[in-house]
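# Structure at a glance
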Amino acid sequence: MFKFLSPVLLLLLAHAPSLAADGETNPLDLVKGEALSVNIVARVMESGHVTVWNMESRKVTISGRGVQVRLEGDNVLVLAHLIPYLNQDHSILLVALGQVWAPAADKKGYKYYSTMKSLPITPGEKVFFFPFGMAVDQKSNVYTVELEIQVMPYSTSKANSTKK
């Protein structure tokens, strides 16, 4: 059965552009119209003022399908799952799930923390997510891990990235 489906699928894909030219809607165009760009800036801040580490990422997804950010340190792991839901009025509900594994206070194993936040946002609006909260090192320096998140339609983000 698989051998039969492959040629049929290839035939359909080969004719998809010509079907779109005849006034039919190309299925790929439908997905492109619903695609979302999730722009993420992850920072580690010392004492809330000095950025000691920075990472930028841009991921493409669709409504209801999440993207993951993984931050790994010497003895800490932070995972953030960001799930945008596109509403019919083109507003976005952003669900952010944070998971953190960090050393226990007694240094005998690790502690697990989790958080979940949901927030209605407008496309292009920047929001901040603090999955880890604050951490204090052996020298009493205070660190925060923050994620700056911006969700926008892929077509808009693609146009903006070509202008830069």
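Report on the accompanying structure. (Residues numbered from 1 in each chain as written. Predicted model: local features only at pLDDT ≥ 70, side-chain atom pairs only at ≥ 80, totals over all residues. Heavy atoms only, no water.)

Here the focus is the pattern of salt bridges. With the rule as written, the count across this model stands at 4 salt bridges. Among the salt bridges present, the one from R70 reaches E72, with a minimum N-O distance of 2.9 Å. The exposure class assigned to R70 is partly exposed, which follows from its relative accessible area of 48%. Here E72 falls in the exposed class, since its relative accessible area comes to 58%. Ionic pairing is found between E148 and K126, a salt bridge with its closest N-O pair at 3.6 Å. Remark: K126 occurs in strand β7 (residues 126-129) and E148 occurs in strand β9 (residues 142-153); sequence separation between them is 22 residues. On the basis of relative accessible area, E148 is assigned to the buried category, the value being 11%. Within this structure, R43, K126, E146 and E148 form a network of salt bridges that share partners. (Salt bridge = Lys/Arg side-chain N within 4 Å of Asp/Glu carboxyl O. Buried < 20%, exposed > 50% of the residue type's maximum accessible area, 1.4 Å probe, protein only. Helix = DSSP H or I, 4+ residues; strand = E, 2+ residues; numbered from the N terminus.)

Taken in spatial order, the 4 strands make up an open sheet running β3-β4-β5-β6, and their pairing is antiparallel. Both edges of this open sheet fall to β3 (67-72) and β6 (110-121), since each of them pairs with a single strand only. Averaged over all pairs of adjacent strands, the angle between strand axes in this sheet comes to 15°, irrespective of strand direction. As defined by bridge partners, strand β4 (residues 77-86) adjoins strand β5 (residues 92-103) across 10 bridges and the pair is classed as antiparallel. Across the sheet, residue L82 finds its bridge partner in β5, namely A96. (Pairing = 2+ DSSP bridges. Axes fitted to C-alpha atoms, helices over the stretch in contact; angles between N-to-C directions.)

These figures capture arrangement, not role.
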